[in-house]
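The residues making up each chain are set out below.
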Number of protein chains: 2
Amino acid sequence: MPIATRAFAAVAADKPLEPYRFDRRDPGPDDVAIEIKYCGVCHSDLHIAKNDLGGTRYPIVPGHEIAGLVTAVGGNVSRFKVGDRVGVGCMVDSCRTCAACQEGEEQYCVPGMTQTYGSADPLGEPVSQAITQGGYSDRITVNQDFVLRIPDSLPLDAAAPLLCAGITTYSPLRHWNVGEGSKVAVVGLGGLGHMAVKLAHAMGAEVTVLSTSDRKKADAERMGAKHFLINSDKAAMQAAAEKFDLIINTVSATHEIAGHLNLLARDGTMVMLGLTTEGMPVFAMPLLWRRRAVAGSLIGGIRETQEMLDFCAEHGIACDIETIAPDQINEAYARMEKSDVRYRFVIDMAKMA
Amino acid sequence: MPIATRAFAAVAADKPLEPYRFDRRDPGPDDVAIEIKYCGVCHSDLHIAKNDLGGTRYPIVPGHEIAGLVTAVGGNVSRFKVGDRVGVGCMVDSCRTCAACQEGEEQYCVPGMTQTYGSADPLGEPVSQAITQGGYSDRITVNQDFVLRIPDSLPLDAAAPLLCAGITTYSPLRHWNVGEGSKVAVVGLGGLGHMAVKLAHAMGAEVTVLSTSDRKKADAERMGAKHFLINSDKAAMQAAAEKFDLIINTVSATHEIAGHLNLLARDGTMVMLGLTTEGMPVFAMPLLWRRRAVAGSLIGGIRETQEMLDFCAEHGIACDIETIAPDQINEAYARMEKSDVRYRFVIDMAKMA
């Protein structure tokens, strides 16, 4: 029997999100049915709700930082049982056969992963849901291979944003071999940035935060940053030239990146994580002069996401969150656009009206 | 006794190069005195002669693709003797103590390498040469550690441009691990590009050339390219999406790079080699979506330059050149600005008037 689901959906680019009811599919043999307890609010949600990237199909229920409890499992599911603490991130399926999927990098699936919301839904929801619908809702049904286990020591609310903000920063730190003594800079101390600081610090890196003001300096230091730089302070930026092996750039608005490249040491990389839409000018000189690179990175694979959750449990790391009721989502979006959140909004589904 | 030297120098940004006489220093204990037989003409020479990058001090003798014969050696020099076939590239010294120098990457010397022309000259030329002067000249004196051996099987004239065009393309091919079966694209079939094709092919890569027209298609295929793409052919570019592990971008004029990024496979890198001066817009999406990177690379270290020369000898690779007399240099510059050279001008010093 289809699962009645209460949600908040965007219905048009220029309208506030509103209550929305639909049915989730009953779990098939390989599915896990989940009661969503918490869902983090990612900047991408806002981009999609407002159609900033184009192509949004309405109504859309955003949300891909999902934490909850298992309510039912299909006949083929042995790794999860009713009552388990689980998470769902940005993907709910992928082709499973391309090289990326075979290597556990489902986020780079060649035909394209099935995103948690807004993707064509090959499994289909019973009441003609042609596209997947996300975590601003109290129920979800997900194939077991895309369900993560949330370790007991992590609180469900503060763990929810790990499913996107956590893995999106963990994966590049691992990919670019951050470890003991690495010099890592984090640009922007928001949802992604604060996780990058905590994770890089836990990996043994010496972390510097670059921000537009010193408003968040005390927070950054509490999270593990050793140094704090204000981007507009030319003397300080000059003094930091060639210091960093890796810059994690979390800014999700178009911004000036060229001035940051000189901060990289030889063979250093600046990794862009934000979904900016306009071109950002890059100059050849700073790249050539020290064999530097500008790269991008997108979330992480399922195996690596589990590794990240286990790493967070081991190191006592979770997100700094501000919990809201579902009907506060529009206010939360407005505050996010002013970077007024420390450091992630998380919707508490128990407060669904 | 100082060594009387005949040269061609730029005397101002807006004037043609003209004959110029000066003295080279007598070889000190660690020096090698060289009679220059040939010097390649690099696009950077033109940038510096015309002060495109700012900071050019006149008069300046360009040229950093030098091939010649040893005429004298200092007392500490045991690796070279009179008559040896030698080359000098873009550097004539470096600090020798920084991490880059210690690792044989003198081109990334932290205090800065001493470039073959236009650098402050710590050794000084006897007749008050405050800056180094390059290879559009018939004599040069260089510290032995920055002198390369040109294998006997390589003709001196066609080997000269290997000292810049050769190493500038060889180094990134090695750094990004090109080998058997690698898929490499080369953007621009000029001095650098034609060497990238030959070298990548010799390393076992499947090489594709991207160019603005098919004028050079037959040449590209002769050099080892398997495929040839015209950048403006949207259907062909679309069909080549996600094909390449590495793109060697040799274009030294500002150009549209964003459209090339989709050609890269997951974890692929586009390496910029040209000294473009304006910012080129890069978009976050194609970088994020496949963890792609845009990087830069600058020539190569001395040890690697020798390795490249030996590799070329082993594989029978040299540059495709057009030989000119020194007094044809201004005409050559004019033709280079129209990309009218197949594929490198080389000055024959025997024709010095």
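Residues numbered from 1 in each chain as written. Chains lettered and ligands numbered in written order. Predicted model: local features only at pLDDT ≥ 70, side-chain atom pairs only at ≥ 80, totals over all residues. Heavy atoms only, no water.

(A) The arrangement of the sheet that holds strand β16 (residues 264–272) of chain B in detail. Here 12 strands make up an open sheet; going across it, the order is β14(A)-β13(A)-β12(A)-β15(A)-β16(A)-β18(A)-β18(B)-β16(B)-β15(B)-β12(B)-β13(B)-β14(B) and the pairing mixed. On the outer flanks of this sheet lie β14 (227–230) of chain A together with β14 (227–230) of chain B, each paired with one strand and no other. The mean inter-strand angle of the sheet, taken between neighbouring strand axes irrespective of direction, is 20°. For strand β12 (residues 183–187) of chain A and strand β15 (residues 244–249) of chain A, the ladder comprises four bridges, and the chain directions are parallel. Considered in β15 of chain A, the bridge of Val184 of chain A is made with Leu246 of chain A. Sitting on the sheet, helix α4 (residues 165–175) of chain A touches β12, β15 and β16 (264–272) of chain A together with β16 of chain B, and the angle it makes with β15 of chain A is about 160°. Against the sheet, helix α4 (residues 165–175) of chain B engages β16 of chain A together with β12 (183–187), β15 (244–249) and β16 of chain B, with an angle of about 160° to β15 of chain B. (Pairing = 2+ DSSP bridges. Helix = DSSP H or I, 4+ residues; strand = E, 2+ residues; numbered from the N terminus. Axes fitted to C-alpha atoms, helices over the stretch in contact; angles between N-to-C directions. Contact = heavy atoms within 4.5 Å.)

(B) Structural context of the packing of aromatic side chains. Residues and elements named next belong to chain B. This model, assessed by the stated rule, comprises four aromatic pairs over all chains. Their ring planes at 25° and their centres at 5.5 Å tell us that Tyr20 and Phe22 sit as a pair that is stacked. Overall, Tyr20 belongs to the buried group, its relative accessible area being 19%. Judged by its relative accessible area of 6%, Phe22 is buried. (Phe/Tyr/Trp six-rings, centres within 6.5 Å; stacked < 30°, edge-to-face > 60°. Buried < 20%, exposed > 50% of the residue type's maximum accessible area, 1.4 Å probe, protein only.)

(C) Examining the relation of the copies chain B and chain A more closely. Relative to chain A, chain B is turned by 180° and slid 0.0 Å along the rotation axis, the superposed coordinates differing by an RMSD of 0.0 Å. Taken together, the rotation angle and the small translation identify this as a two-fold axis. No C-alpha of chain B approaches the rotation axis more nearly than that of Pro281 of chain B, which lies at 2.0 Å. (Least-squares fit on C-alpha atoms with pLDDT ≥ 70 in both.)

(D) A look at the pattern of salt bridges. For the structure on display, the rule yields 38 salt bridges over all chains. One salt bridge connects Glu103 of chain A with Arg266 of chain B, and the closest N-O pair in it is separated by 3.2 Å. Of this pair, Glu103 of chain A sits in the loop between α2 (99–102) and β7 (114–115) while Arg266 of chain B sits in strand β16, on two different chains. Since its relative accessible area comes to 47%, Glu103 of chain A is described here as partly exposed. (Salt bridge = Lys/Arg side-chain N within 4 Å of Asp/Glu carboxyl O.)

(E) Local environment of unusual backbone geometry. Cis rather than trans, the peptide bond between Arg342 of chain A and Tyr343 of chain A has omega equal to -5°. As for its position among the elements, Tyr343 of chain A is in the loop between α11 (329–337) and β20 (344–348). Here the residue pair Tyr58 of chain B and Pro59 of chain B is connected by a cis peptide bond, since its omega of -10° sits within 30 degrees of zero. Looking at the secondary structure, you find Pro59 of chain B in the loop between α1 (43–49) and β4 (66–73).

(F) Local environment of the packing of α4 of chain A against helix α5 (residues 191–202) of chain A. Residues and elements named next belong to chain A. Where α4 meets α5, the axes come as close as 8 Å, and the angle between the chain directions of the two elements is 50°. Comparing their axes, α5 and α4 come out oblique. Here α4 and α5 pass one another in a crossing that is right-handed. Here α4 contributes Ala165, Gly166, Thr168, Thr169, Tyr170 and Leu173 to the contact with α5, which in turn contributes Gly191, Leu192, Met195, Ala196, Leu199 and Ala200. Its residues assigned to classes, the contact of α4 with α5 comprises eight nonpolar, four polar and no charged. (Parallel < 35°, antiparallel > 145°, perpendicular 65-115°, else oblique. Left-handed = near helix turned anticlockwise from the far one by under 90°. Nonpolar A, V, L, I, M, F, W, Y, C, P; charged D, E, K, R; others polar.)

(G) Structural context of the domain arrangement of chain A. All names here are of chain A. With domains assigned, chain A is organised as domain 1 (3–164 + 320–351) and domain 2 (166–296). Each of domain 1 and domain 2 has a C-alpha centre, and these two points are 28 Å apart. Between domain 1 and domain 2 the total buried area reaches about 1,400 Å² when both faces are included, carbon and sulfur atoms providing 45% of it. Contact with domain 2 buries surface across domain 1, with Asp320, Arg342 and Tyr343 losing the most and accounting together for 43% of the total. (Domains from an automatic or database assignment. Buried area = accessible area lost by both parts, 1.4 Å probe.)

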